[in-house]
Every structure is written in structure tokens, then in C-alpha cells.
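# Analysis of the macromolecular model
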Amino acid sequence: METRLSRAIGMQARALRDLAASSFPEQASVLADARRLVLIGTGSSLNAARLGAWQLRRRGVDALAMSSASLARWEPAVRPGDALVVISHTGQTAYSMRARLDALAAGIPLVSITGAGADWPEAIVAGPAETSDTHTVSYLCSLAAIARLADGIEAVRARTSVRPASLTLLDAADRVQAAIDAPEVAHIGVPARATAIVGAGPWAITAAEGALKLREAARVLAEAYDTEALLHGSAVPLTDADTLIALQPGADPDGLIDRLAAAAHAEGVHVATIDEERPLADPFYAQFPLTVRLQQLAAHFAQRRGQNPDEVIVGCWHADSLWNAGKPARAS
């Protein structure tokens, strides 16, 4: 049975191609003079902030990522010379709303990345509104928007024109379409207890996004680790009731993912690999098709377990008292 989640997964390549042909000169100009960019988000948006900040640092932009709640309640306020990038697909996430309003009140340079319908004036609208509670297209679209912002910041600082289209992003969109057309995840069985996903470097962020999708769509206990964290104690509880998924082992310069997978297999843990046979050379864009494969795995597990991936937050978890915590009184 087709779900809203499966339809959203299938539209991602087209959405990425649209963003590859877009440029955001106004927003790039807002960010180009900042000494540091602070990217914030919640859930999938936080994963996008983490991977986006990593990519910006690779492009010579000082950037860090943190959760919206951390900035709104616990971290020091952004410093003079900082600019804030708020990632919130719906524009309704409580702590993202609060952090955004605090920035506006303080006159902090601000750019937001949202989906259609959020209606934040300063926002880049990156992709259509999600129709499934398991968000997918907004994640990759947020990453694509950050990549195009990096192009724009670079152009402003060099006083040149931004490239009319990102060929690397177009290549990534082609790989995403190939992953949509050939999922290659049906061989991975639903674990009796839990799934652990391990990746190195930026692949660990993709692992975190994949684990979140498995939890949301299929209600499967899933955790994500980088190689060091899995080695240093986190692998200890894994048994033959669990599955370890290794993400792109060949990308690990130390070969630790392969060694961890071998150790897990020797301990009776079910081991599976998700990778691209010929991955994109740029590790940032290499995450795009792998993200799709993890989304497809979540949809596959949901079908196998008879779960509805489109209605995720239900029961007591849907209480307004939970979702309104931290929300500012003034929401515009």
C-alpha cells in the first residue's frame, strides 16, 4: 500500500534539482559578513544543522550547530558578529520559534530554512510541506539549501556571481533518483530487539537521521553511533536479537567499521551493510543517496511490522502540554 511517506521519498530528486537551479543572494548577503554562523534545529532539522555546519566549515565558513532548545534555554546568547540559521520545516517547533524571536528582538542577522506554508519572511522555502509525520524531503532540501547558501556566501565574499546551478547537487539528485528506483534494503530483516547504525565522520550524522526515521516510521528501537562511540562501550549490550548496520564502510579511513562489523558478527549480532558501490567523491553529497536508502528501510520496516509511518506522534505523546513547552507567547 502506498503511503504519504513513500510518495515523499519519491519526490526528493525533483525537489533537489529545483534547489540546484536556485540561488539565495539576499540570504547569502545576510550571512556573508558574519564572523560565525550558528545553525539550530530540532529532530531531523538538528541533524541537518549538524551536517550543514560541517559542510560550511569545509567551505571556509566558521559554523557550529546546536539544538534549538539549547540555544533558547541553556547556551549563552549568540555573540556580536554571529548570524543565526534556524531550520524548522513547519515553523511551529517551540524552541525554534523562541530562538528565532529572541534573535529578531536582539537584531541578530537571521536566515531561516522552512518548508512551504511556514510563512517566515526571512526564510528560504526549501521544498514542499511534508504530508507524512515521518519527515524526509525536508531534510535533504534543507541540506541542499545550506549548500547553495555556501555557494552564495563564497560569491559575496569573492565579489563574484553565484553559480547559476550546482552541478554537484545535480549529481547528488541523480544518485537520489537511482536510490529511489533501486532501494536495495529489502534484504535487511526487522530485528527482534534493536537496530544500531554506525558511520564514520559525516556518515555518523546520516546514521542519526536514519535511526530517527526507523523509530518514527516503524516504531523500531534504533540508535546511531560514530565508530569511536560504538567501540567505547556502546556495543557491549548487542546480542543476536539485534542488527548492526554499517554505513559505507569503505569511507572509514581507519577501517574501523569493518572491524566493528566483524566483531559484531563473531558475537552473534546480525550485521548488514548499506553503501553505494561508487559513492560521490564529496562526502557531503555522498550522504544524500544513503539517507534515501535509510528512509526506504524505515518504510520497509513499517510495512513489515504493520505500522502507519504517516501518523507518528499519537496517544499521550501528542499532548499539547508537551508540544507547547518552551513556545513563546508571541508566535510571529
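Please read these numbers as outputs of a predicted model, since none were measured by experiment.

### Topic: the pattern of salt bridges
Here the structure, examined in full by the defined rule, presents 14 salt bridges. Notably, a salt bridge pairs Arg58 with Asp282, separated by 3.1 Å at the nearest N-O pair. Of this pair, Arg58 sits in helix α4 (residues 44–58) while Asp282 sits in the loop between β9 (270–274) and α12 (283–305), and the two are 224 residues apart along the sequence. The class of Arg58 is partly exposed, set by a relative accessible area of 41%.

### Examining the sheet that holds strand β2 (residues 63–67)
The strand order across the open sheet built from 5 strands is β2-β1-β3-β4-β5, with neighbouring strands paired in parallel fashion. Every other strand in the sheet has two partners, leaving β2 and β5 (123–125) as the edge strands with one partner each. Put simply, the sheet's adjacent strands are angled 20° from each other on average, direction ignored. Direction of pairing for strand β4 (residues 110–114) relative to β5: parallel, over a ladder of 3 bridges. Bridge pairing links Ser112 to Ala123 in β5. Across the sheet, α4 is in contact with β1 (36–41), β2 and β3 (82–87); its angle to β2 comes to roughly 170°. Packing of helix α7 (residues 137–158) onto the sheet brings it into contact with β1, β3, β4 and β5, and relative to β4 it is tilted by some 145°.

### Remarks on the packing of aromatic side chains
Using the criterion set out here, one finds 3 aromatic pairs in the structure. An aromatic cluster of three or more residues is present, and its members are Phe284, Tyr285 and Phe288. When the ring centre of Trp120 is taken as reference, the NZ or CZ atom of Arg100 above it lies at 4.5 Å.

### Notes on helix α8 (residues 167–181)
For α8, spanning 15 residues, the distance from its first C-alpha to its last is 21 Å, which sits close to the expected 21 Å at 1.5 Å a residue. Where α8 is concerned, the buried positions are Leu169, Ala172, Ala173, Val176, Ala179 and Ile180. Looking down the long axis of α8, one finds its buried residues gathered within 120° of arc, a one-sided arrangement. Of the residues in α8, the exposed ones pointing more than 90 degrees away from the buried face are Leu167 and Asp181. Taken together, the buried residues of α8 touch α1 (4–10), α2 (12–20), α7 and α12.

### Focus on the pairing of β9
Strand direction decides the pairing type here: strand β8 (residues 242–247) and β9, joined by 5 bridges, are parallel. The residue of β9 that forms the bridge with Ile245 is Ala272. Each parallel crossover has a hand, and the one from β8 via helix α11 (residues 256–266) to β9 is right-handed.

### Structural notes on unusual backbone geometry
A positive phi angle, close to 60°, is found at Arg159, a residue other than glycine. The class for Arg159 is exposed, based on a relative accessible area of 81%. Within the chain, Arg219 stands out as a residue other than glycine whose phi angle is a positive 55°. With respect to the secondary-structure elements, Arg219 resides in the loop between α9 (202–218) and β7 (221–226).

### What to know about the UniProt feature "domain: SIS" (unreviewed entry) in the protein
UniProt records the feature "domain: SIS" (unreviewed entry) for residues 27–155 in the present numbering. Spanning residues 27–155, this segment combines 47% helix with 19% strand, and its end C-alpha atoms are found 12 Å apart.

### Topic: the sheet that holds β8
The strand order across the open sheet formed by 4 strands is β7-β6-β8-β9, and the pairing between neighbours is parallel. Looking at the sheet topology across the chains shown, the edges are occupied by β7 and β9. On average, each strand axis in the sheet is tilted by 20° relative to the strand beside it, whichever way the strands run. Its contacts with the sheet place α12 against β6 (194–199), β8 and β9, and it is angled at close to 135° to β9.

The rules we used
Residues numbered from 1 in each chain as written. Predicted model: local features only at pLDDT ≥ 70, side-chain atom pairs only at ≥ 80, totals over all residues. Heavy atoms only, no water. Salt bridge = Lys/Arg side-chain N within 4 Å of Asp/Glu carboxyl O. Helix = DSSP H or I, 4+ residues; strand = E, 2+ residues; numbered from the N terminus. Buried < 20%, exposed > 50% of the residue type's maximum accessible area, 1.4 Å probe, protein only. Pairing = 2+ DSSP bridges. Axes fitted to C-alpha atoms, helices over the stretch in contact; angles between N-to-C directions. Contact = heavy atoms within 4.5 Å. Phe/Tyr/Trp six-rings, centres within 6.5 Å; stacked < 30°, edge-to-face > 60°. Lys NZ or Arg CZ within 6 Å of the ring centre and 35° of its normal. Expected span 1.5 Å × (residues − 1). Arc of directions from axis to C-beta. Right-handed = clockwise from strand over helix to strand, strands pointing away. UniProt positions renumbered as here; feature names shortened; annotations may be inferred.

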